[in-house]
Amino acid sequence: QLQASGGGLVQTGGPLRLSCVVSGRTFSSYMMGWFRQAPGKEREFVAANTWNGGSTYYAYSVKGRFTISRDNAKNTVYLQLNSLKPEDTAVYYCAAVQRTYYSSTYYDNASVYDYWGQGTLVTVSS
């Protein structure tokens, strides 16, 4: 089970930190990802990292502004959102999949992930 939290209303340029707690699984063996879905748009990849955080991946639109990290001891993955823009407004989802060669290669594809959180809404006002 994945439980995402931390969304809310923030002004343009502001920060926000999302959290995703994983329960019932061996968190450290999973690749974790964040996706988002804006109204009327398809779900898109935001960021992902491997179990030890050694490999991190970002969508071009958020690189340099968002940071994904994880605390295996707390079974939690974080997404730090900085310099937020109105176009970042979306429901943000965390996702998990067993780390394999396939998932490590296609980390930006939502269909790769087996487990999803319920989503947390981020609204950036202009």
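First things first, this report covers the structure right here in the doc. What you are looking at is a predicted structure, and each value in this text was computed from that prediction instead of being measured.

1. Topic: the side chain of Ser104
Phase 1 of the analysis: One can find Ser104 in helix α1 (residues 101-105).
Phase 2 of the analysis: Among the polar contacts made by the side chain of Ser104, one reaches the main-chain carbonyl oxygen of Thr100 at a distance of 2.8 Å.
Phase 3 of the analysis: Setting aside its immediate chain neighbours within four residues, Ser104 contacts Met31, Tyr57 and Arg99.

2. Digging into the state of the cysteines
Phase 1 of the analysis: For the structure on display, the rule yields one disulfide.
Phase 2 of the analysis: The disulfide partner of Cys20 is Cys94, and the S-S distance across this bridge is 2.1 Å. Judged by the sign of its S-S torsion, about 60°, the cystine formed by Cys20 and Cys94 is right-handed. With Cys20 in strand β3 (residues 16-22) and Cys94 in strand β9 (residues 90-98), this pair connects stretches of sequence that are 74 residues apart. Each member of the pair, Cys20 as well as Cys94, carries the same accessibility label: buried.

3. Describing the nonpolar core
Most often, soluble globular proteins have nonpolar side chains that are buried together.
Phase 1 of the analysis: Residues Met32, Trp34, Leu79, Leu81, Tyr92 and Tyr113 are the most contacted members of the largest nonpolar core, which totals 38 residues.
Phase 2 of the analysis: Contributions of two or more residues to this core are made by β1 (2-5), β3, β4 (30-37), β5 (44-49), β7 (66-71), β8 (76-81), β9 and β11 (120-125).
Phase 3 of the analysis: Examining the composition of this core, we find that six residues originate from one element, β9, more than from any other.

4. Brief notes about the packing of aromatic side chains
Here the distance between the centres and the angle between the planes together describe a pair of aromatic rings.
Phase 1 of the analysis: Across all of its chains, the model carries nine aromatic pairs by this definition.
Phase 2 of the analysis: Plain terms: the ring middles of Phe35 and Tyr113 are 5.2 Å apart, the flat faces sit at 75° to each other, and that makes the pair edge-to-face. You can see Phe35 sitting in strand β4 and its partner Tyr113 sitting in the loop between α1 and β10 (115-116), a full 78 residues away along the chain. Tyr113 carries the same exposure label as Phe35, and that label is buried.

5. Details of the sheet that holds β3
Phase 1 of the analysis: If you walk across this open sheet you meet the four strands as β1-β3-β8-β7, and the pairing is antiparallel. At either margin of the open sheet sits one strand with a lone partner, and together these are β1 and β7. On average, each strand axis in the sheet is inclined to that of its neighbour by 15°, with strand direction left out of account.
Phase 2 of the analysis: Here β1 pairs with β3 via four bridges, running antiparallel. Its bridge partner lying in β3, Ala4 is registered against Cys20.

Conventions used here
- Note on numbering: residues in each chain are counted from 1, in written sequence order.
- Local features in a predicted model are, by the rule used here, given only for residues with pLDDT of at least 70; side-chain atom pairs are given and counted only at 80 or more, and totals for whole chains, interfaces and linings are based on all residues.
- Note that the side-chain values use all heavy atoms of the structure and ignore hydrogens as well as water.
- Comment: elements are numbered from the N terminus, with helices defined as DSSP H or I runs of at least four residues and strands as E runs of at least two.
- Distance and chemistry together define a polar contact, namely a pair of N or O atoms within 3.5 Å, with one atom able to donate a hydrogen and the other to accept it when in protein, and with adjacent residues in sequence counting only for side-chain atoms on both sides.
- What makes two residues a contact is simply this: any of their non-hydrogen atoms within 4.5 Å.
- Counting rule for disulfides: a pair of cysteine sulfur atoms within 2.5 Å.
- Only protein chains enter the area calculation, which uses a 1.4 Å probe; residues under 20% of their type maximum are buried, those over 50% are exposed, and those in between are partly exposed.
- Residue types Ala, Val, Leu, Ile, Met, Phe, Trp, Tyr and Cys, when buried and joined through side-chain atoms within 4.5 Å, form a set referred to as a nonpolar core.
- Each Phe, Tyr or Trp ring, with Trp reduced to its six-membered ring, pairs with another whose centre is within 6.5 Å; inter-plane angles below 30 degrees give stacked pairs, above 60 give edge-to-face pairs, and intermediate values give tilted ones.
- Any two strands are treated as partners once DSSP identifies two or more bridges connecting them.
- Axis lines are fitted through C-alpha atoms, for helices just across the contact stretch, and the angle between N-to-C directions can take any value from 0 to 180 degrees.

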